[in-house]
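# Per-entry structural report
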Amino acid sequence: MRMYDIIQKKQNGFSLNEDELCYFVRGVTDGTIPDYQSAALLMAIFFRGMTAEETVTLTECMADSGERADLTSIKGKKVDKHSTGGVGDKTSLIIAPMVAACDMGVYVAKMSGCGLGHTGGTIDKLESIPGVNTVRQRDEFIRIVNEIGVCIIGQSNSFAPADKRLYALRDVTATVNCIPLIASSIMSKKLAAGSDCFVLDVKCGSGAFVKTLKEATELAELMVKIGTGAGKKTIALITNMDVPLGRNVGNSLEIIEAVSVLDGKGDKDLTDICITLAANMLYAANAADYEECVQAVTETIYNGKAKKKLAEMVSSLGGKSEYIYNLSLFGESKVTALLAAEKSGYIYEINTEQVGIAAAVLGAGRSTKESKIDYKAGITFHHTVGDYINEGEALASIYTSSIGKAQNGMELLFQAVKINDTPPKPKKLIYKTIGGRQ
Ligand code: URA
């Protein structure tokens with residue numbers, strides 16, 4: 001088999017068979033295929049697409065390119081959740097403890113990533129709590145899940161190594177935004193991580209990788225097909241990312257907001273989406289009827305059990321759990337500034353990708369892989385899309401470490417917000433559910 005022929009076949013619009021796709025993935029993994037040929041095939045896939053069958057095969061080959069986790073020593077059903085990436089998306093930190101706190105025999109053994117581009121990452125948020133270390137050996141990870149029902153650690157490099165190499169190439173060849181490549185990238189890591197069932201939060205809108213409902217539906221259907229085809233119950237929810245999720249964007253700010261949801265005092269949309277995702281996790285694991293799952297996860301907020309679970313998880317990861325009970329310990333950033341409304345009117349639009357970039361500029365994200373994050377940096381919105389605001393009223397607060405960063409972040413945030421005389425059409429929070437209860 002020659003890589004040249006595989007590239008040419010895809011370039012001419014034909015489907016690749018299992019032998020060809022596995023040859024490609026093996027060569028990427030062991031380094032025998034040079035980057036220029038891999039990049040050429042990625043570009044051919046970008047323009048010619050892949051059938052669902054090709055994507056399923058590519059995903060399985062990528063999942064087999066490294067270790068597959070054996071979670072059989074964790075008692076009960078294991079459920080994993082994945083978001084395709086958004087701004088202000090702190091749901092994993094809320095719903096993983098909620099599911100574990102239900103005590104319904106469903107365990108959350110989750111691997112998460114760091115921030116990517118304008119989107120934040122669960123691991124950075126978790127590590128904003130002093131002492132937390134998310135780099136853990138497999139045995140310790142399994143012990144924590146068995147003891148408290150939940151653990152979130154960093155993505156292991158030994159799972160789906162082909163994806164790591166391909167993602168790095170896609171990142172520099174403008175081939176990230178390709179539905180079969182996104183689906184195979186995400187699902188290969190999920191399959192390798194070994195849970196029994198998956199809930200996928202496919203973000204759609206200005207702050208997401210996929211901007212339209214049509215693309216989001218295509219991606220969600222493909223990922224459900226891959227998961228189901230691998231014998232794992234898979235549910236995808238398509239959710240609104242045309243506005244940051246909740247009020248806070250930034251690492252410790254998002255921990256503070258996650259705790260406020262677990263205290264029953266959180267933003268309504270964020271709380272609603274967390275209840276729906278957590279209920280779907282229990283439902284995917286066959287724990288009960290959907291309505292009972294909703295009731296069970298909601299109770300964990302009001303009986304305080306989910307917050308206690310979060311504190312236990314933080315403590316198992318070496319973190320100071322007192323931060324969960326006393327949020328003032330997170331302290332204040334060096335520089336705080338207010339963005340005031342330039343005129344009276346309705347907040348018509350908040351360009352969410354731009355908000356993610358502004359948060360990164362303030363210090364909440366990395367500009368290079370090596371950059372250090374300022375955990376206290378970020379943005380708090382005092383108003384959101386659809387609200388009426390008066391000229392001069394505080395729209396958002398920004399937190400950072402220098403006047404220069406504050407000026408740059410403020411400028412980006414100012415450009416991201418549009419105020420109009422008429423209110424915008426309300427948008428749904430959850431557009432669709434695929435593979436679950438309709
Ligand atoms: N997240 C991933 O893991 N892979 C993609 O291709 C896009 C988002």
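## Overview of the packing of aromatic side chains
Per the stated rule, a full pass over the model turns up four aromatic pairs. Consider the rings of Tyr 283 and Tyr 290, whose centres lie 5.7 Å apart with planes at 90°: the pair is edge-to-face. A residue is classified by how much of its surface remains accessible, and Tyr 283, at 23% relative accessible area, is partly exposed. Centroid distance Tyr 346 to Tyr 388: 5.2 Å. Interplanar angle 80°. Geometry classified as edge-to-face.

## Re empty space enclosed by the protein
One pass over the structure, following the stated rule, counts two cavities of 30 Å³ or more. Approximately 50 Å³ is the volume attributed to the largest cavity. Residue lining of the largest cavity: Leu 339, Ala 340, Ala 341, Glu 342, Leu 395, Phe 414, Val 417 and Ile 419, and that is the complete set. Broken down by secondary-structure element, the contributors of at least two residues to the lining of the largest cavity are strand 7 (335-340) and strand 12 (417-420). Looking at the lining of the largest cavity, its residues break down into seven nonpolar, no polar and one charged. Of the pockets and cavities examined, the second largest cavity occupies roughly 40 Å³. Along its surface, the second largest cavity is lined by Leu 42, Leu 58, Met 62, Asp 163, Leu 166, Arg 170, Leu 181, Ser 184 and Ser 185. When its residues are assigned to classes, the lining of the second largest cavity shows five nonpolar, two polar and two charged.

## Points about the state of the cysteines
Summed over all chains, the structure comprises one disulfide. Sulfur-sulfur distance for the disulfide between Cys 22 and Cys 61 comes to 2.4 Å. Disulfide Cys 22-Cys 61: torsion about the S-S bond near -55°, hence left-handed. Note that Cys 22 is positioned in helix 2 (residues 18-30) and Cys 61 in helix 4 (residues 52-63), a separation of 39 residues in sequence. The residues Cys 22 and Cys 61 share a single accessibility class, namely buried. The thiol of Cys 204 is not disulfide-bonded; the next cysteine sulfur, from Cys 178, is found 17 Å away.

## Quick notes on the packing of helix 5 (residues 91-101) against helix 12 (residues 268-284)
Packing of helix 5 against helix 12 leaves a shortest axis separation of 9 Å and a crossing angle of 45°. Judged on the interaxial angle alone, helix 12 and helix 5 are oblique. The hand of the helix 5/helix 12 crossing is right-handed. Taken together, the residues of helix 12 that come into contact with helix 5 (itself represented by Thr 91, Ile 94, Ile 95, Met 98 and Val 99) are Leu 270, Ile 273, Cys 274, Ile 275, Leu 277, Ala 278, Met 281 and Leu 282. Considered class by class, the residues forming the contact of helix 5 with helix 12 number twelve nonpolar, one polar and no charged.

## Quick word on the sheet that holds strand 8 (residues 345-350)
An order of 10-8-12 is seen for the three strands of this open sheet, with the pairing classed as antiparallel. In this open sheet, the two strands that pair with only one neighbour each are strand 10 (388-389) and strand 12. As paired elements, strand 8 and strand 12 share four bridges and run antiparallel to each other. Note on strand 12: the bridge partner recorded for Ile 350 is Val 417. Packed on one face of the sheet, helix 17 (residues 403-416) meets strand 8 and strand 12 and runs near 40° to strand 12.

## Examining the sheet that holds strand 5 (residues 233-240)
Sheet architecture is open: six strands sit in the order 3-2-1-4-5-13, paired in mixed fashion. With one partner strand each, in any of the chains shown, strand 3 (150-154) and strand 13 (430-434) form the two edges of the open sheet. Strand-to-strand, the axes of this sheet are offset by a mean angle of 20°, without reference to chain direction. Pairing of strand 1 (residues 77-83) with strand 2 (residues 106-112), which is carried by two bridges, proceeds in the parallel orientation. Within strand 2, the residue paired with Lys 78 across the bridge is Tyr 107. Running at roughly 160° to strand 1, helix 9 (residues 179-193) makes contact with strand 1, strand 2 and strand 4 (197-204) of the sheet. The sheet strands contacting helix 12 are strand 1, strand 2, strand 4, strand 5 and strand 13, and the helix crosses strand 5 at an angle near 170°.

Each value, and the rule that gives it
Residues numbered from 1 in each chain as written. Predicted model: local features only at pLDDT ≥ 70, side-chain atom pairs only at ≥ 80, totals over all residues. Heavy atoms only, no water. Phe/Tyr/Trp six-rings, centres within 6.5 Å; stacked < 30°, edge-to-face > 60°. Buried < 20%, exposed > 50% of the residue type's maximum accessible area, 1.4 Å probe, protein only. 1 Å grid on protein atoms, 1.4 Å probe; cavity = no way out; pocket = protein on both sides within 12 Å on 5 of 7 lines; lining within 4 Å. Points joined across faces, edges and corners; volume = space filled by probe spheres on them. Helix = DSSP H or I, 4+ residues; strand = E, 2+ residues; numbered from the N terminus. Nonpolar A, V, L, I, M, F, W, Y, C, P; charged D, E, K, R; others polar. Disulfide = S-S within 2.5 Å. Axes fitted to C-alpha atoms, helices over the stretch in contact; angles between N-to-C directions. Parallel < 35°, antiparallel > 145°, perpendicular 65-115°, else oblique. Left-handed = near helix turned anticlockwise from the far one by under 90°. Contact = heavy atoms within 4.5 Å. Pairing = 2+ DSSP bridges.

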